[in-house]
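Secondary and tertiary structure notes
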Amino acid sequence: MGDDGLQACGVVMEARAPGKVILCGEHAVVHGATAVAAAIGLYTHARIHLLTGEDNLLVLDLPPFQVHLSWPLSQIQSVLDLSSLHKAYPQDVQSISESWSAKLKQLTDEQLPADADKGLQAGVVAYLFLHLYILGLQPTKMTVTSELPIGSGLGSSAAFCVSITGALLAAAQQLDLHRHLGPTEEGDMQRWLDVDDKDLDIINRWAFEGEKIIHGRPSGIDNTVSTFGYIVKFRQGQLSRIQTTMPLNMLLTNTKVGRDTKSLVAGVGARAQRHPKSMAAIFDAVDSISEEVVSILQSNSEESRIEHNIVESKKDGHAQSELVHNTVSRSVEEIKLEELVQINQGLLQSMGVSHPCIDAICCRTSKHKLQSKLTGAGGGGCVLTLLPHCLKSKAIEEVKADLAAEGFECFQAHIGGKGVQISKK
Ligand SMILES: Nc1ncnc2c1ncn2[C@@H]1O[C@H](COP(=O)(O)OP(=O)(O)O)[C@@H](O)[C@H]1O
Ligand SMILES: C[C@@](O)(CCOP(=O)(O)O)CC(=O)O
Ligand SMILES: [Mg+2]
(Lines give C-alpha, C1' and ligand atoms only; values in the text may rest on other atoms or scores of the structure.)
(Ligands and ions follow the chains in the order given, each with its own letter.)
Protein backbone atom coordinates (compact mmCIF):
# COMPACT_ATOMS: atom_id res chain seq x y z
CA MET A 1 0.00 0.00 0.00
CA GLY A 2 1.55 3.35 -1.03
CA ASP A 3 1.79 6.34 1.32
CA ASP A 4 -1.32 7.73 -0.40
CA GLY A 5 -3.30 4.57 0.30
CA LEU A 6 -3.12 3.40 -3.30
CA GLN A 7 -2.56 -0.25 -4.05
CA ALA A 8 0.42 -0.09 -6.45
CA CYS A 9 1.41 -3.34 -8.15
CA GLY A 10 5.04 -4.15 -9.10
CA VAL A 11 5.32 -2.23 -12.36
CA VAL A 12 6.98 1.12 -11.85
CA MET A 13 8.59 2.82 -14.83
CA GLU A 14 10.24 6.21 -14.99
CA ALA A 15 11.12 8.38 -17.98
CA ARG A 16 13.20 11.51 -18.01
CA ALA A 17 13.30 14.05 -20.82
CA PRO A 18 15.58 17.10 -21.12
CA GLY A 19 14.66 20.69 -21.64
CA LYS A 20 16.25 22.61 -24.49
CA VAL A 21 17.68 25.90 -25.67
CA ILE A 22 16.99 27.20 -29.15
CA LEU A 23 20.29 28.59 -30.47
CA CYS A 24 18.49 30.27 -33.36
CA GLY A 25 15.23 30.15 -35.27
CA GLU A 26 12.49 30.18 -32.67
CA HIS A 27 9.11 31.44 -33.95
CA ALA A 28 10.40 31.56 -37.57
CA VAL A 29 10.55 27.74 -37.39
CA VAL A 30 6.76 27.73 -36.93
CA HIS A 31 6.59 29.47 -40.33
CA GLY A 32 8.86 27.02 -42.13
CA ALA A 33 12.32 28.40 -41.38
CA THR A 34 15.26 26.37 -40.11
CA ALA A 35 16.09 26.39 -36.40
CA VAL A 36 18.86 24.89 -34.29
CA ALA A 37 18.18 23.60 -30.78
CA ALA A 38 20.17 21.71 -28.16
CA ALA A 39 19.14 19.52 -25.25
CA ILE A 40 20.17 20.86 -21.84
CA GLY A 41 21.01 18.91 -18.70
CA LEU A 42 17.81 19.82 -16.86
CA TYR A 43 15.12 17.12 -16.89
CA THR A 44 11.45 16.47 -16.33
CA HIS A 45 10.84 13.06 -14.70
CA ALA A 46 7.60 11.09 -15.12
CA ARG A 47 7.12 8.08 -12.86
CA ILE A 48 4.22 5.70 -13.41
CA HIS A 49 2.79 3.07 -11.03
CA LEU A 50 0.24 0.58 -12.33
CA LEU A 51 -2.58 0.35 -9.77
CA THR A 52 -4.48 -2.82 -8.94
CA GLY A 53 -7.31 -3.89 -6.69
CA GLU A 54 -10.20 -1.54 -6.14
CA ASP A 55 -8.21 1.56 -7.09
CA ASN A 56 -9.96 2.11 -10.39
CA LEU A 57 -8.45 5.55 -10.69
CA LEU A 58 -6.22 7.70 -12.86
CA VAL A 59 -4.04 9.69 -10.49
CA LEU A 60 -1.80 12.59 -11.56
CA ASP A 61 0.57 14.07 -9.01
CA LEU A 62 2.28 17.38 -9.92
CA PRO A 63 4.52 18.38 -7.00
CA PRO A 64 5.95 21.51 -8.76
CA PHE A 65 2.39 22.86 -8.83
CA GLN A 66 1.39 21.28 -5.49
CA VAL A 67 -1.49 19.67 -7.34
CA HIS A 68 -2.85 16.12 -6.85
CA LEU A 69 -5.62 15.04 -9.24
CA SER A 70 -7.53 11.77 -9.44
CA TRP A 71 -10.37 10.58 -11.68
CA PRO A 72 -12.46 7.49 -10.97
CA LEU A 73 -12.57 5.50 -14.24
CA SER A 74 -16.36 5.55 -14.02
CA GLN A 75 -16.26 9.38 -14.19
CA ILE A 76 -14.15 9.26 -17.35
CA GLN A 77 -16.38 6.61 -18.92
CA SER A 78 -19.46 8.71 -18.19
CA VAL A 79 -17.97 11.61 -20.21
CA LEU A 80 -16.04 9.93 -23.03
CA ASP A 81 -16.87 7.26 -25.60
CA LEU A 82 -13.71 5.17 -25.32
CA SER A 83 -14.73 2.53 -27.85
CA SER A 84 -12.68 4.25 -30.61
CA LEU A 85 -9.58 4.23 -28.42
CA HIS A 86 -8.39 0.71 -28.68
CA LYS A 87 -7.80 1.10 -32.41
CA ALA A 88 -5.35 3.90 -31.69
CA TYR A 89 -1.91 2.34 -32.08
CA PRO A 90 1.40 4.25 -32.26
CA GLN A 91 1.40 4.27 -36.05
CA ASP A 92 -2.11 5.77 -35.97
CA VAL A 93 -1.12 8.77 -33.87
CA GLN A 94 -3.87 11.27 -34.37
CA SER A 95 -4.64 14.76 -33.17
CA ILE A 96 -7.18 15.30 -30.46
CA SER A 97 -10.63 16.07 -31.85
CA GLU A 98 -12.48 19.21 -30.85
CA SER A 99 -15.17 17.20 -29.05
CA TRP A 100 -12.63 15.16 -27.11
CA SER A 101 -10.70 18.32 -26.24
CA ALA A 102 -13.78 19.95 -24.74
CA LYS A 103 -14.60 16.82 -22.70
CA LEU A 104 -11.02 16.46 -21.41
CA LYS A 105 -11.08 20.15 -20.41
CA GLN A 106 -14.34 19.45 -18.55
CA LEU A 107 -12.74 16.50 -16.70
CA THR A 108 -9.73 18.69 -15.93
CA ASP A 109 -11.68 21.70 -14.70
CA GLU A 110 -13.74 19.43 -12.40
CA GLN A 111 -10.51 18.43 -10.66
CA LEU A 112 -8.21 21.46 -10.81
CA PRO A 113 -8.29 23.72 -7.75
CA ALA A 114 -9.69 27.18 -8.56
CA ASP A 115 -6.36 28.82 -7.64
CA ALA A 116 -4.28 26.46 -9.82
CA ASP A 117 -1.82 27.97 -12.32
CA LYS A 118 -3.92 29.06 -15.33
CA GLY A 119 -1.59 27.39 -17.81
CA LEU A 120 -1.82 24.05 -16.04
CA GLN A 121 -5.13 23.08 -17.62
CA ALA A 122 -3.44 22.47 -20.99
CA GLY A 123 -0.81 20.23 -19.42
CA VAL A 124 -3.41 18.12 -17.62
CA VAL A 125 -5.50 17.81 -20.80
CA ALA A 126 -2.35 16.67 -22.64
CA TYR A 127 -1.72 14.06 -19.92
CA LEU A 128 -5.30 12.71 -20.10
CA PHE A 129 -5.17 12.57 -23.91
CA LEU A 130 -1.85 10.69 -23.94
CA HIS A 131 -2.84 8.32 -21.13
CA LEU A 132 -6.21 7.37 -22.62
CA TYR A 133 -4.76 6.90 -26.13
CA ILE A 134 -1.68 4.96 -25.06
CA LEU A 135 -2.73 3.09 -21.93
CA GLY A 136 -6.52 3.38 -22.09
CA LEU A 137 -8.29 2.86 -18.77
CA GLN A 138 -5.47 0.99 -17.03
CA PRO A 139 -5.54 2.44 -13.49
CA THR A 140 -2.25 4.24 -12.81
CA LYS A 141 -0.58 6.87 -10.68
CA MET A 142 1.69 9.27 -12.57
CA THR A 143 4.03 11.62 -10.72
CA VAL A 144 5.76 14.36 -12.73
CA THR A 145 8.58 16.43 -11.29
CA SER A 146 10.93 18.83 -13.07
CA GLU A 147 14.28 20.60 -12.75
CA LEU A 148 13.17 23.06 -15.42
CA PRO A 149 11.71 26.49 -14.76
CA ILE A 150 8.20 26.12 -16.16
CA GLY A 151 6.91 28.54 -18.77
CA SER A 152 10.40 30.00 -19.29
CA GLY A 153 11.42 29.11 -22.82
CA LEU A 154 13.46 26.00 -21.91
CA GLY A 155 10.90 23.58 -23.34
CA SER A 156 9.25 22.43 -20.11
CA SER A 157 6.03 21.66 -22.02
CA ALA A 158 7.92 19.43 -24.45
CA ALA A 159 9.88 17.71 -21.67
CA PHE A 160 6.55 17.13 -19.89
CA CYS A 161 4.93 15.57 -22.98
CA VAL A 162 8.00 13.50 -23.88
CA SER A 163 8.55 12.17 -20.35
CA ILE A 164 4.93 11.16 -19.73
CA THR A 165 4.74 9.59 -23.20
CA GLY A 166 7.92 7.60 -22.53
CA ALA A 167 6.59 6.38 -19.18
CA LEU A 168 3.20 5.44 -20.65
CA LEU A 169 4.68 3.53 -23.60
CA ALA A 170 7.14 1.78 -21.29
CA ALA A 171 4.31 0.78 -18.94
CA ALA A 172 2.34 -0.41 -21.98
CA GLN A 173 5.41 -2.50 -22.91
CA GLN A 174 5.49 -0.86 -26.33
CA LEU A 175 9.20 0.02 -26.19
CA ASP A 176 12.14 -2.30 -26.92
CA LEU A 177 14.42 -1.03 -24.19
CA HIS A 178 18.08 -1.54 -24.85
CA ARG A 179 19.77 -2.23 -21.56
CA HIS A 180 22.29 0.53 -20.98
CA LEU A 181 23.88 -0.41 -17.71
CA GLY A 182 26.08 1.82 -15.62
CA PRO A 183 25.98 5.40 -14.47
CA THR A 184 24.44 8.18 -16.52
CA GLU A 185 26.52 11.26 -17.44
CA GLU A 186 25.85 12.74 -14.01
CA GLY A 187 27.50 9.71 -12.42
CA ASP A 188 24.40 8.68 -10.46
CA MET A 189 23.77 4.95 -10.44
CA GLN A 190 20.13 5.01 -11.60
CA ARG A 191 20.00 2.72 -14.63
CA TRP A 192 18.77 4.81 -17.54
CA LEU A 193 17.96 2.74 -20.59
CA ASP A 194 18.48 4.16 -24.06
CA VAL A 195 15.55 3.98 -26.46
CA ASP A 196 16.14 2.93 -30.04
CA ASP A 197 15.36 5.27 -32.94
CA LYS A 198 12.16 3.45 -34.00
CA ASP A 199 10.70 3.89 -30.52
CA LEU A 200 12.06 7.45 -30.22
CA ASP A 201 10.09 8.29 -33.35
CA ILE A 202 6.89 6.92 -31.76
CA ILE A 203 7.52 8.85 -28.53
CA ASN A 204 8.18 12.01 -30.54
CA ARG A 205 4.98 11.68 -32.57
CA TRP A 206 2.80 11.21 -29.49
CA ALA A 207 4.58 14.02 -27.63
CA PHE A 208 4.01 16.34 -30.60
CA GLU A 209 0.25 15.76 -30.18
CA GLY A 210 0.62 16.75 -26.55
CA GLU A 211 2.54 19.90 -27.53
CA LYS A 212 -0.27 20.83 -29.93
CA ILE A 213 -2.67 20.81 -26.96
CA ILE A 214 -0.34 23.06 -24.94
CA HIS A 215 1.13 25.29 -27.68
CA GLY A 216 -1.67 25.46 -30.21
CA ARG A 217 0.59 25.55 -33.26
CA PRO A 218 3.98 24.08 -32.32
CA SER A 219 6.70 23.55 -34.91
CA GLY A 220 7.76 20.26 -33.28
CA ILE A 221 11.32 21.36 -32.56
CA ASP A 222 10.91 21.28 -28.79
CA ASN A 223 9.58 17.73 -28.52
CA THR A 224 12.06 16.58 -31.18
CA VAL A 225 15.15 17.81 -29.35
CA SER A 226 13.75 16.62 -26.00
CA THR A 227 13.19 13.17 -27.53
CA PHE A 228 16.35 12.74 -29.63
CA GLY A 229 18.67 14.96 -27.58
CA TYR A 230 22.06 16.41 -28.66
CA ILE A 231 22.00 19.35 -31.10
CA VAL A 232 19.46 19.25 -33.91
CA LYS A 233 18.80 21.22 -37.06
CA PHE A 234 15.02 21.31 -37.58
CA ARG A 235 12.98 22.50 -40.55
CA GLN A 236 9.38 21.67 -41.46
CA GLY A 237 9.31 18.52 -39.42
CA GLN A 238 12.68 17.26 -40.67
CA LEU A 239 15.53 16.89 -38.22
CA SER A 240 19.21 16.19 -38.61
CA ARG A 241 21.73 15.83 -35.83
CA ILE A 242 24.54 18.38 -35.76
CA GLN A 243 27.95 16.93 -34.91
CA THR A 244 30.35 19.59 -33.69
CA THR A 245 33.64 19.73 -31.87
CA MET A 246 33.02 23.38 -31.03
CA PRO A 247 32.67 23.99 -27.30
CA LEU A 248 29.24 25.57 -26.73
CA ASN A 249 29.35 27.35 -23.39
CA MET A 250 26.47 29.59 -22.45
CA LEU A 251 24.91 31.32 -19.52
CA LEU A 252 21.15 31.02 -19.04
CA THR A 253 19.38 33.90 -17.33
CA ASN A 254 15.77 33.68 -16.22
CA THR A 255 13.95 37.00 -16.41
CA LYS A 256 11.35 35.33 -14.14
CA VAL A 257 8.73 37.11 -16.24
CA GLY A 258 5.88 34.63 -16.77
CA ARG A 259 4.47 34.29 -20.25
CA ASP A 260 2.47 31.90 -22.37
CA THR A 261 4.04 30.31 -25.43
CA LYS A 262 0.67 29.69 -27.08
CA SER A 263 -0.29 33.36 -27.09
CA LEU A 264 3.21 34.50 -28.15
CA VAL A 265 3.18 32.09 -31.09
CA ALA A 266 -0.33 33.27 -31.99
CA GLY A 267 0.84 36.88 -31.76
CA VAL A 268 3.62 36.34 -34.29
CA GLY A 269 1.16 34.56 -36.56
CA ALA A 270 -1.22 37.51 -36.38
CA ARG A 271 1.62 39.94 -37.17
CA ALA A 272 2.56 37.80 -40.18
CA GLN A 273 -1.07 38.01 -41.35
CA ARG A 274 -0.97 41.80 -41.11
CA HIS A 275 2.47 42.19 -42.75
CA PRO A 276 2.94 39.11 -44.92
CA LYS A 277 5.85 40.33 -47.06
CA SER A 278 7.81 42.02 -44.28
CA MET A 279 7.44 39.08 -41.91
CA ALA A 280 8.29 36.60 -44.66
CA ALA A 281 11.51 38.54 -45.21
CA ILE A 282 12.25 38.33 -41.48
CA PHE A 283 11.57 34.57 -41.44
CA ASP A 284 13.85 34.16 -44.47
CA ALA A 285 16.60 36.09 -42.69
CA VAL A 286 16.26 33.80 -39.66
CA ASP A 287 16.42 30.79 -41.97
CA SER A 288 19.73 32.10 -43.36
CA ILE A 289 21.05 32.67 -39.84
CA SER A 290 20.25 29.07 -38.88
CA GLU A 291 21.90 27.69 -42.01
CA GLU A 292 25.02 29.75 -41.21
CA VAL A 293 25.00 28.53 -37.60
CA VAL A 294 24.82 24.93 -38.83
CA SER A 295 27.76 25.39 -41.18
CA ILE A 296 29.81 27.12 -38.46
CA LEU A 297 29.12 24.35 -35.96
CA GLN A 298 29.99 21.70 -38.53
CA SER A 299 33.01 23.53 -39.94
CA ASN A 300 34.94 23.54 -36.73
CA SER A 301 38.00 21.81 -38.14
CA GLU A 302 41.31 22.63 -36.46
CA GLU A 303 42.80 24.64 -39.34
CA SER A 304 39.87 27.03 -39.31
CA ARG A 305 40.46 27.88 -35.67
CA ILE A 306 42.42 31.14 -35.53
CA GLU A 307 42.92 32.24 -31.97
CA HIS A 308 42.32 35.96 -31.72
CA ASN A 309 43.89 38.14 -29.06
CA ILE A 310 42.13 41.13 -30.38
CA VAL A 311 42.26 44.45 -28.62
CA GLU A 312 40.20 47.47 -29.63
CA SER A 313 41.59 48.61 -32.92
CA LYS A 314 41.05 52.21 -33.96
CA LYS A 315 41.31 53.91 -37.31
CA ASP A 316 41.54 57.75 -37.35
CA GLY A 317 40.37 57.61 -33.73
CA HIS A 318 37.18 55.58 -34.47
CA ALA A 319 36.45 52.00 -33.50
CA GLN A 320 37.09 49.84 -36.54
CA SER A 321 33.85 48.20 -37.85
CA GLU A 322 31.30 46.60 -35.54
CA LEU A 323 33.52 43.60 -34.88
CA VAL A 324 35.42 45.36 -32.09
CA HIS A 325 36.49 42.73 -29.61
CA ASN A 326 37.75 42.81 -26.09
CA THR A 327 40.89 41.08 -25.00
CA VAL A 328 39.31 37.61 -24.61
CA SER A 329 40.64 35.19 -27.19
CA ARG A 330 37.89 34.03 -29.54
CA SER A 331 37.94 31.67 -32.47
CA VAL A 332 36.68 32.90 -35.82
CA GLU A 333 33.67 30.63 -35.39
CA GLU A 334 32.85 32.15 -32.01
CA ILE A 335 32.99 35.66 -33.43
CA LYS A 336 30.62 34.69 -36.24
CA LEU A 337 28.23 32.87 -33.88
CA GLU A 338 28.08 35.88 -31.57
CA GLU A 339 27.21 38.14 -34.46
CA LEU A 340 24.46 35.77 -35.64
CA VAL A 341 23.03 35.64 -32.11
CA GLN A 342 22.94 39.44 -32.07
CA ILE A 343 21.22 39.59 -35.47
CA ASN A 344 18.71 36.90 -34.45
CA GLN A 345 17.81 38.81 -31.28
CA GLY A 346 17.19 41.90 -33.38
CA LEU A 347 14.85 39.94 -35.65
CA LEU A 348 13.01 38.49 -32.62
CA GLN A 349 12.46 42.06 -31.45
CA SER A 350 10.99 42.78 -34.90
CA MET A 351 8.60 39.84 -34.39
CA GLY A 352 7.40 41.52 -31.20
CA VAL A 353 8.47 38.76 -28.81
CA SER A 354 11.22 40.46 -26.83
CA HIS A 355 10.55 42.15 -23.48
CA PRO A 356 12.18 45.03 -21.55
CA CYS A 357 13.77 42.49 -19.17
CA ILE A 358 15.20 40.53 -22.11
CA ASP A 359 16.54 43.75 -23.62
CA ALA A 360 18.03 44.72 -20.25
CA ILE A 361 19.91 41.39 -20.06
CA CYS A 362 21.17 41.79 -23.64
CA CYS A 363 22.32 45.31 -22.84
CA ARG A 364 23.96 44.29 -19.57
CA THR A 365 25.86 41.35 -21.09
CA SER A 366 26.95 43.43 -24.08
CA LYS A 367 28.77 45.67 -21.60
CA HIS A 368 30.89 42.57 -20.95
CA LYS A 369 31.30 42.19 -24.75
CA LEU A 370 29.03 39.14 -24.71
CA GLN A 371 26.10 38.49 -27.01
CA SER A 372 22.68 37.28 -25.81
CA LYS A 373 19.28 36.35 -27.25
CA LEU A 374 15.99 35.16 -25.89
CA THR A 375 15.43 31.41 -26.16
CA GLY A 376 12.03 29.80 -26.69
CA ALA A 377 8.92 31.90 -27.13
CA GLY A 378 10.28 35.03 -25.41
CA GLY A 379 7.98 37.63 -23.88
CA GLY A 380 9.99 37.00 -20.69
CA GLY A 381 11.37 33.57 -19.83
CA CYS A 382 15.03 32.80 -20.40
CA VAL A 383 17.90 34.45 -22.26
CA LEU A 384 21.04 32.67 -23.44
CA THR A 385 24.45 34.38 -23.45
CA LEU A 386 27.30 32.86 -25.46
CA LEU A 387 30.48 32.44 -23.40
CA PRO A 388 33.78 32.36 -25.36
CA HIS A 389 35.62 29.13 -24.63
CA CYS A 390 38.53 31.07 -23.13
CA LEU A 391 36.46 33.30 -20.84
CA LYS A 392 37.79 32.83 -17.32
CA SER A 393 35.40 31.66 -14.61
CA LYS A 394 36.14 34.86 -12.66
CA ALA A 395 34.80 36.89 -15.58
CA ILE A 396 31.72 34.63 -15.79
CA GLU A 397 31.07 35.15 -12.08
CA GLU A 398 31.27 38.92 -12.65
CA VAL A 399 28.61 38.69 -15.36
CA LYS A 400 26.39 36.53 -13.12
CA ALA A 401 26.80 38.98 -10.23
CA ASP A 402 25.97 41.89 -12.53
CA LEU A 403 22.76 40.17 -13.69
CA ALA A 404 21.83 39.01 -10.19
CA ALA A 405 22.17 42.63 -9.03
CA GLU A 406 19.38 43.42 -11.51
CA GLY A 407 17.22 40.68 -9.94
CA PHE A 408 17.80 38.03 -12.62
CA GLU A 409 18.61 34.38 -11.87
CA CYS A 410 21.61 32.95 -13.75
CA PHE A 411 22.62 29.35 -14.24
CA GLN A 412 24.71 27.19 -16.53
CA ALA A 413 23.60 23.83 -17.88
CA HIS A 414 25.24 21.07 -19.86
CA ILE A 415 24.49 21.52 -23.55
CA GLY A 416 23.86 18.77 -26.09
CA GLY A 417 23.25 15.71 -23.90
CA LYS A 418 21.06 12.67 -24.48
CA GLY A 419 17.31 12.80 -25.06
CA VAL A 420 14.58 10.79 -23.41
CA GLN A 421 15.62 7.76 -21.35
CA ILE A 422 13.66 5.15 -19.41
CA SER A 423 14.42 3.64 -16.03
CA LYS A 424 12.87 0.43 -14.76
CA LYS A 425 12.51 0.80 -11.02
N1 LIG B 1 6.26 19.56 -14.90
C2 LIG B 1 5.09 19.91 -15.43
N3 LIG B 1 3.92 19.47 -14.90
C4 LIG B 1 2.74 19.80 -15.46
N5 LIG B 1 2.59 20.61 -16.54
C6 LIG B 1 3.72 21.09 -17.10
C7 LIG B 1 5.01 20.79 -16.58
N8 LIG B 1 5.93 21.43 -17.35
C9 LIG B 1 5.24 22.10 -18.30
N10 LIG B 1 3.93 21.91 -18.15
C11 LIG B 1 2.85 22.46 -19.00
O12 LIG B 1 3.47 23.29 -19.99
C13 LIG B 1 3.10 24.66 -19.79
C14 LIG B 1 4.31 25.56 -20.02
O15 LIG B 1 4.61 25.39 -21.41
P16 LIG B 1 5.09 26.65 -22.30
O17 LIG B 1 4.16 27.79 -22.10
O18 LIG B 1 5.30 26.14 -23.67
O19 LIG B 1 6.48 27.06 -21.63
P20 LIG B 1 7.91 26.37 -21.84
O21 LIG B 1 8.73 27.44 -22.46
O22 LIG B 1 8.36 26.01 -20.45
O23 LIG B 1 7.74 25.16 -22.74
C24 LIG B 1 2.61 24.72 -18.35
O25 LIG B 1 1.68 25.79 -18.21
C26 LIG B 1 1.92 23.37 -18.20
O27 LIG B 1 0.65 23.36 -18.83
C1 LIG C 1 8.34 29.73 -30.15
C2 LIG C 1 8.72 28.31 -30.54
O3 LIG C 1 9.52 28.37 -31.72
C4 LIG C 1 9.49 27.63 -29.42
C5 LIG C 1 8.72 27.62 -28.09
O6 LIG C 1 9.58 27.25 -27.03
P7 LIG C 1 9.05 27.24 -25.49
O8 LIG C 1 7.75 26.45 -25.45
O9 LIG C 1 8.80 28.69 -25.11
O10 LIG C 1 10.16 26.62 -24.69
C11 LIG C 1 7.40 27.57 -30.85
C12 LIG C 1 7.64 26.27 -31.61
O13 LIG C 1 8.63 26.14 -32.34
O14 LIG C 1 6.80 25.36 -31.42
MG1 LIG D 1 6.76 24.96 -24.55
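Residues numbered from 1 in each chain as written. Chains lettered and ligands numbered in written order. Predicted model: local features only at pLDDT ≥ 70, side-chain atom pairs only at ≥ 80, totals over all residues. Heavy atoms only, no water.

Around ligand 2 there are 19 residues in total, and Lys-20, Gly-155, His-215, Ser-219 and Arg-259 lie nearest to it. In this structure, Ser-219 approaches ligand 2 through a side-chain N or O atom, which is 2.6 Å from an oxygen atom. Here an oxygen atom of ligand 2 sits 3.0 Å away from a polar atom, N or O, in the main chain of Ala-377. Expressed as a share of its isolated accessible area of 380 Å², the protein-covered part of ligand 2 is 98%. Those elements giving two or more residues to the shell around ligand 2 turn out to be strand 1 (8-24), helix 6 (221-228) and helix 7 (261-274). Taken together, the residues that form the shell around ligand 2 break down as 8 nonpolar, 7 polar and 4 charged. (Near = heavy atom within 4 Å. Polar contact = N/O pair within 3.5 Å; in protein donor to acceptor, adjacent residues only side chain to side chain. Areas by Shrake-Rupley, 256 points an atom, 1.4 Å probe, with all protein chains shown as cover. Helix = DSSP H or I, 4+ residues; strand = E, 2+ residues; numbered from the N terminus. Nonpolar A, V, L, I, M, F, W, Y, C, P; charged D, E, K, R; others polar.)

This paragraph deals with the confidence of the model for the protein. Counting all residues, the mean pLDDT for the protein is 88, and 86% of those residues have values of 70 or more. Here residues 302-313 scores under 50 on pLDDT; set against residues more than four positions off or in separate chains, the count is 33 contacts. Low pLDDT, under 50, characterises residues 320-326; the stretch is placed with 13 contacts to residues that sit more than four places away or in other chains. Interface predicted TM-score (ipTM) for the complex: 0.99; the corresponding pTM is 0.91. (pLDDT = per-residue confidence, 0-100. Contact = heavy atoms within 4.5 Å.)

Moving on, we get to the coordination of the magnesium ion (ligand 3). Protein coordination of the magnesium ion (ligand 3) is provided by Ser-157 (OG) and His-215 (NE2), with donor distances spanning 2.2 to 2.3 Å. Of the two residues, Ser-157 is situated in helix 4 (residues 156-171) and His-215 in helix 5 (residues 197-215); the sequence distance between them amounts to 58 residues. Just as Ser-157 is buried, His-215 falls in that class too. (Donors = N, O, S within 2.8 Å, 3.2 Å for Na, K, Ca; no water. Buried < 20%, exposed > 50% of the residue type's maximum accessible area, 1.4 Å probe, protein only.)

Our next topic: helix 7. The first and last C-alpha atoms of helix 7 sit 20 Å apart over 14 residues, in line with the 20 Å expected at 1.5 Å per residue. Considered for burial, the residues of helix 7 that qualify are Thr-261, Leu-264, Val-265, Val-268, Gly-269 and Ala-272. Viewed end-on, helix 7 has its buried residues packed into an arc of 140°, placing them on one side of the element. The exposed set on the far side of helix 7, more than 90 degrees from its buried face, consists of Gln-273 and Arg-274. Tucked inside the fold, the buried residues of helix 7 contact helix 5, helix 8 (276-298) and helix 9 (332-351). (Expected span 1.5 Å × (residues − 1). Arc of directions from axis to C-beta.)

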